[in-house]
Amino acid sequence: MTVPTLLSTSGLKQDFVDRLLAEAANFTEVLSRPIPVVPALRGTTVAMMFFENSTRTRISFELAARRLSAEVVSFTAPTSSVTKGESLRDTAETLAHMGANALVVRHAAAGVPEAMSRWVNLPVINAGDGRHEHPTQALIDLFTVSRHIPKVSGLRLTIVGDIENSRVARSNIWLFSGLGAQVTLVAPGTLLPAAVDSWPVRTTGDLDSILPETDVLMLLRIQRERGAGARLPSMREFQMRFGIDERRAALLPDGALILHPGPMNRDIEISPAVARRDNVLVGEQVANGVAVRMAVLYMLLAGGDDD
Ligand code: NCD
């Protein structure tokens, strides 16, 4: 039997996605109970392997595992033997030998979670690898949208910001377009990847004209840690052309939703006043993160899902 993994949203089957959304809805109910814990993964150990900084992803995976009664061991690169020259492979194998039942992996280099899934015979979940993918964030975004707009097919998703450096953008593009949504990217040309012509998306630099045709607006920050700052004349210029202020938010149709995976840079991609609006679902995304990650851990570790 092949060990299940979640490395990418590309090619996820509709059945898997439907079941995951249903499980996430169940776990949302669990999380609303006075004691928000179920015994589903009692006796299993989930290893968190974060080689790159994280606030919400790491904490929400940890909470998700604990709410399922799994044990959690946390590995952080700066305090580990990686600083003594230990390889990624030896690090992963060490955790497997100690009896970890799943690895949750974040790394600044694309492909590390996939490599680990070949090195150890355990379920591996990609918690963000370089510019490549962040599948659980996209599933959270899909779950959050589907609580407000049940029919994803035909939905108009507009993603604005640093597409080139964003794994969140890539995972959302594969997921939403695979489910029949119409995806439009809005970015300066220097922050669009060279391969964008072969992606299932439209692109435009004209934000104001696409906003009235948008059901879900997803904002991304400029990833300066990946050198994006050098591709822009200035942050101020980016904010003027692509930032969402009150005027631009008013161009959206009634009922449109605004998403942001966090961390937000207020006054750049989103103004503080817009960030306070009711249709900005950042808090819901974070809350849903725990339920969706519970669903992912449950399906991979206990669900017998070998797809
Ligand atoms: C994102 C990430 O790390 O990919 N954050 C997250 O996980 N919610 C996006 C970002 O860092 O801008």
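This is a predicted model, so every value here is computed, not measured.

Draft legend 1. Molecular detail of the overall build of the protein chain. Helix and strand content of the protein chain: 11 helices and 9 strands. In terms of C-alpha radius of gyration, the protein chain reaches 19 Å, essentially the compact-globule figure of 19 Å for 307 residues. When its C-alpha atoms are laid out on the principal axes, the protein chain stretches across 55 × 45 × 35 Å. Here the protein chain holds 307 residues, and the buried ones make up 53% of them. Partitioning the intrachain contacts of the protein chain with sequence separation of at least 6 by distance along the chain shows that 75% fall at a separation of at least 24. Accessible surface, the protein chain: about 13,100 Å² in total, of which carbon and sulfur atoms supply 50%.

Draft legend 2. Fine view of the sheet that holds strand β1 (residues 45-50). Taken in spatial order, the 4 strands of this open sheet run β2-β1-β3-β4, and their pairing is parallel. Across the chains shown, the open sheet's two edge strands, defined by having one partner strand only, are β2 (71-76) and β4 (124-129). Taken over all neighbouring pairs, the strand axes of this sheet differ in orientation by 15 degrees on average, direction set aside. Across the sheet, helix α3 (residues 88-97) lies against β1, β2 and β3 (102-107), angled at about 160 degrees from β1, the strand it touches most.

Draft legend 3. Geometry of the sheet that holds strand β7 (residues 202-204). The strand order across the open sheet built from 5 strands is β7-β6-β5-β8-β9, with neighbouring strands paired in parallel fashion. Unpaired on one side and paired on the other, β7 and β9 (257-259) mark the two borders of the sheet. Here the average twist between neighbouring strands, direction ignored, is 20 degrees.

Draft legend 4. Structural detail: unusual backbone geometry. Following G262, the chain continues into P263 via a peptide bond in cis, with omega recorded as -10 degrees. Tracing the sequence through the fold places P263 in the loop between β9 and α10 (272-275). In this structure, S69 is a non-glycine residue whose phi angle is positive, near 70 degrees. Here S69 is to be found in the loop between α2 (56-67) and β2. For D267, which is not a glycine, the phi torsion comes out positive at approximately 75 degrees. As for its placement among the helices and strands, D267 is situated in the loop between β9 and α10.

Draft legend 5. Quick peek at the nonpolar core. With 62 residues, the main nonpolar core has I159, I163, F176 and L185 as its most contacted residues. Here this core spans two domains, and each of domain 1 (14-133 + 288-301) and domain 2 (149-280) adds at least three residues to it. Ranked by size, the runner-up nonpolar core spans 25 residues in total, among them L191, L219, A249 and I270.

Draft legend 6. How the structure looks around the site of the ligand. Inspection of the region around the ligand gives R56, T57, R106, H134, Q137, R167, V168, R221, Q223, P261, G262 and P263 as its neighbouring residues. Between an oxygen atom of the ligand and a side-chain N or O atom of H134, the distance comes to 2.8 Å. In the environment of the ligand, a nitrogen atom lies 2.9 Å from a nitrogen or oxygen atom belonging to the backbone of P261. Taking 310 Å² as the accessible area of the ligand by itself, protein coverage stands at 92%. Mapped by element, the contributors of at least two residues to the shell around the ligand are α2 and α6 (167-178). Counting contributing residues, the shell around the ligand receives three or more from each of domain 1 (14-133 + 288-301) and domain 2 (149-280).

Draft legend 7. Geometry of the side chain of R226. Structurally, R226 can be placed in the loop between β8 (216-219) and α8 (235-242). Excluding its chain neighbours within four sequence positions, the residues that come into contact with R226 are E52, G130, R131, N165 and R167.

Rules and cut-offs
Residues numbered from 1 in each chain as written. Predicted model: local features only at pLDDT ≥ 70, side-chain atom pairs only at ≥ 80, totals over all residues. Heavy atoms only, no water. Helix = DSSP H or I, 4+ residues; strand = E, 2+ residues; numbered from the N terminus. Rg over C-alpha atoms; globule rule 2.2 N^0.38 Å. Buried < 20%, exposed > 50% of the residue type's maximum accessible area, 1.4 Å probe, protein only. Contact = heavy atoms within 4.5 Å. Areas by Shrake-Rupley, 256 points an atom, 1.4 Å probe, with all protein chains shown as cover. Pairing = 2+ DSSP bridges. Axes fitted to C-alpha atoms, helices over the stretch in contact; angles between N-to-C directions. Core = buried A, V, L, I, M, F, W, Y, C linked by side-chain atoms within 4.5 Å. Domains from an automatic or database assignment. Near = heavy atom within 4 Å. Polar contact = N/O pair within 3.5 Å; in protein donor to acceptor, adjacent residues only side chain to side chain.

Purely spatial values, then, with no claim about function.
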